[in-house]
Amino acid sequence: MRNEMKQWMAAAVAAGAVALPLLAQGADITIGFQKGSGLLSMIKAQGAMEKALAGHRVKWIEFPAGPQMLEALNAGSIDFGSTGAPPPVFAQAGGVDLLYVGAEPAPVASEAIFVPRDSPLHSVAALKGKRVAFQKGSGSHFLLASALDKAGLKMADIVPVYLSPSDARAAFVSGSIDAWVVWDPYFAAAQKAYQVRVLADYTGLPLANGYYLASRRFVQQSPQLVSTVLEQVAAAGKWANAHPQQTGASLTQLTGLPADIVTTWLARSRFGATPLTPAIVASQQHVADVFYQQKLIPKPVDIASRVWAWQPRSGVRPD
C-alpha cells in the first residue's frame, strides 16, 4: 500500500507539472484541511503542494469540519482551505473577510439524511418533531434545509441536534437521535457499520458546490501563490478522477478505512478545482438566500462581491 501511495503522489505531481511562474521567495501559506476527507488531505499526505511551491513554506492544519476551519481563517490561523457550500455563507454573515477562489464539483449522493433501517420514519416529512443530528453550518445543514422545504417543513419543525460527525455517530448508535445527516466518508462508513435507510440525498434538490476559500488579506498579498495552489489542486483532482483504483488505495491508507467503504465513497464523488462561473455563483447565492429566508443567518449576503476571478494559465485545464 505504501508503494501505491508513492505511485499516486508521483503521478499526481507529474499531472500538475506545468511550468510554474516565478513566485516571490519567502511567501508562506497555511492550508486548512478536513480530517481524512477530500483532495487536500491526499495532497498533504503526498507532499505534492510542497513540490509545486518549492522555496515556500507550506503548513497544514487539520479540522473536523468546515465551520471550525473558517473560524481559523477569520483568526488568521490559516490562509486557504476548502469546505462545503454553507460554512462560508455562515462565516460571511458573521463578518469573516473571506473570498471564494475556486469551486469543487457539487455532490449528489455523497451526503444524505438517513435513519436506522427499522425506524418508523419513511419520509422527510415524517421528521417533524424529531431529533435530527448534523454539523451546524455544514453541507449537511443545507441538504436538510432543502429537503425539509421540499417536504413543506422548516428547520423550526424539527429538533436540530448540532453535533460533529464523531459525536453524531455515537448518538445514532445509542438511539438518542432519530436521524443523522452527514457526508462521506462518514456516510459510507455508517452504511456499512449499521443498518440504515436513506430518506434523501441531493437528488431532485438544488445542488451545492464545495469551495476553495482564502482570506482577502492573503489573496491581495499573494495572488500568484493562490493561483498556483489552485492549479496544483486542479491537476491532482483531474488525475484522481481518472484513476479511481490508485486514488482508492491512497485514501484507504490515508484514512484507515476499509477498502469497500472508500470504494463506495469514491463512486459518488468527484475531485477538482475550477473558477467560479456565473452559474456556480448563482448556486451559492441560492444557498445563502435559503439560510436567510429560514432565519439561520442574521442578514442577507452577496456572494458575487466575494468572488476572486481565478484565471488558470495556458496549459492548465481544470475539469
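In this report, we go over the structure that sits alongside the text.

### Let's talk about the pairing of strand 5 (residues 111–116)
Argument step 1. Most of strand 5 is tucked away, with five of its six residues classed as buried.
Argument step 2. As paired elements, strand 5 and strand 8 (residues 179–183) share four bridges and run antiparallel to each other. Along strand 8, the bridge assignment pairs Ala 112 with Val 182.
Argument step 3. In terms of strand pairing, strand 5 meets strand 9 (residues 196–200) through four bridges, oriented antiparallel. Note on strand 9: the bridge partner recorded for Ile 113 is Ala 200.

### Structural notes on the side chain of Gln 46
Argument step 1. Note on placement: Gln 46 falls in helix 2 (residues 38–46).
Argument step 2. Judged by its relative accessible area of 3%, Gln 46 is buried.

### Re the packing of aromatic side chains
Argument step 1. Evaluated as defined, the whole model comprises 13 aromatic pairs.
Argument step 2. Ring centres of Tyr 100 and Tyr 211 lie 5.2 Å apart, and the angle between their planes is 85 degrees; this geometry places the pair in the edge-to-face category. Of this pair, Tyr 100 sits in strand 4 (residues 98–104) while Tyr 211 sits in strand 10 (residues 210–215), and the two are 111 residues apart along the sequence.

### Structural notes on the sheet that holds strand 6 (residues 131–134)
Argument step 1. Spatially, 7-6-8-5-9 is the arrangement adopted by the five strands of the open sheet, whose pairing is mixed. Of all the strands in the sheet, just strand 7 (159–162) and strand 9 have a single pairing partner and so form its edges. Recorded for the sheet is a direction-independent mean angle of 30 degrees between the axes of neighbouring strands.
Argument step 2. Of the pairings in the sheet, the one linking strand 6 to strand 8 comprises two bridges and is parallel in character. Note on strand 8: the bridge partner recorded for Val 132 is Ala 179.
Argument step 3. Each of strand 5, strand 8 and strand 9 is contacted by helix 8 (residues 186–193), which is oriented at about 130 degrees to strand 8, the strand it contacts most.

### Side note on the nonpolar core
Generally speaking, a soluble globular protein has its nonpolar side chains buried in company with each other.
Argument step 1. Ranked by size, the top nonpolar core spans 50 residues in total, and within it Val 89, Ile 113, Leu 127 and Leu 144 carry the most contacts.
Argument step 2. In this structure, Phe 218, Leu 225, Val 226 and Trp 310 belong to the second largest nonpolar core, which totals 35 residues.

### Considerations on the packing of helix 2 against helix 11 (residues 244–255)
Argument step 1. Interhelical geometry of helix 2 versus helix 11 gives an angle of 80 degrees and a closest axis separation of 11 Å. Considering their axes alone, helix 2 and helix 11 lie roughly perpendicular with respect to each other. Packed against helix 2, whose contacting residues are Ser 41, Met 42, Ala 45 and Gln 46, the element helix 11 presents Thr 247, Ser 250, Leu 251 and Leu 254 at the interface.

### Here's the deal with helix 5 (residues 86–93)
Argument step 1. Burial analysis of helix 5 places eight of its eight residues in the buried class, which makes it a mostly covered element.
Argument step 2. All of the buried residues in helix 5 are Pro 86, Pro 87, Pro 88, Val 89, Phe 90, Ala 91, Gln 92 and Ala 93.
Argument step 3. Among the structural elements, helix 4 (66–75), strand 3 (80–83), strand 4, helix 6 (139–150), strand 10 and helix 13 (278–293) are those in contact with the buried residues of helix 5.
Argument step 4. Trailing helix 5 by a residue or two, Gly 95 shows a phi angle of about 95 degrees, which is positive.

Thresholds, definitions, all that
- Numbering of residues begins from 1 in every chain and follows the order in which that chain's sequence is written.
- Restriction of local features to residues with pLDDT of at least 70 applies here, the model being predicted, together with a cutoff of 80 or more for giving and counting side-chain atom pairs; totals for whole chains, interfaces and linings are based on all residues.
- Processing note: side-chain calculations cover all non-hydrogen atoms of the structure and skip hydrogens and water entirely.
- Using a 1.4 Å probe on the protein chains alone, a residue whose accessible area is under 20% of its type maximum counts as buried, one over 50% counts as exposed, and one in between counts as partly exposed.
- Put simply, DSSP H or I for four residues or longer makes a helix, DSSP E for two residues or longer makes a strand, and each gets a number counted from the N terminus.
- Only strands joined by at least two bridges in the DSSP assignment are considered to pair.
- Between the rings of Phe, Tyr and Trp (Trp by its six-membered ring), a pair exists once the centres lie within 6.5 Å; its type follows the angle of the planes, with under 30 degrees stacked, over 60 edge-to-face, and the other angles tilted.
- Under this scheme, a helix contributes an axis fitted over its contacting stretch, all axes are lines through C-alpha atoms, and angles between N-to-C directions fall in the 0 to 180 degree range.
- Residue contacts are defined here by distance: any two heavy atoms, one from each residue, within 4.5 Å place the two residues in contact.
- Buried Ala, Val, Leu, Ile, Met, Phe, Trp, Tyr and Cys residues that are joined via side-chain atoms within 4.5 Å together make up what is termed a nonpolar core.
- Here roughly perpendicular refers to angles of 65 to 115 degrees, roughly parallel to angles under 35, roughly antiparallel to angles over 145, and oblique to all remaining angles.

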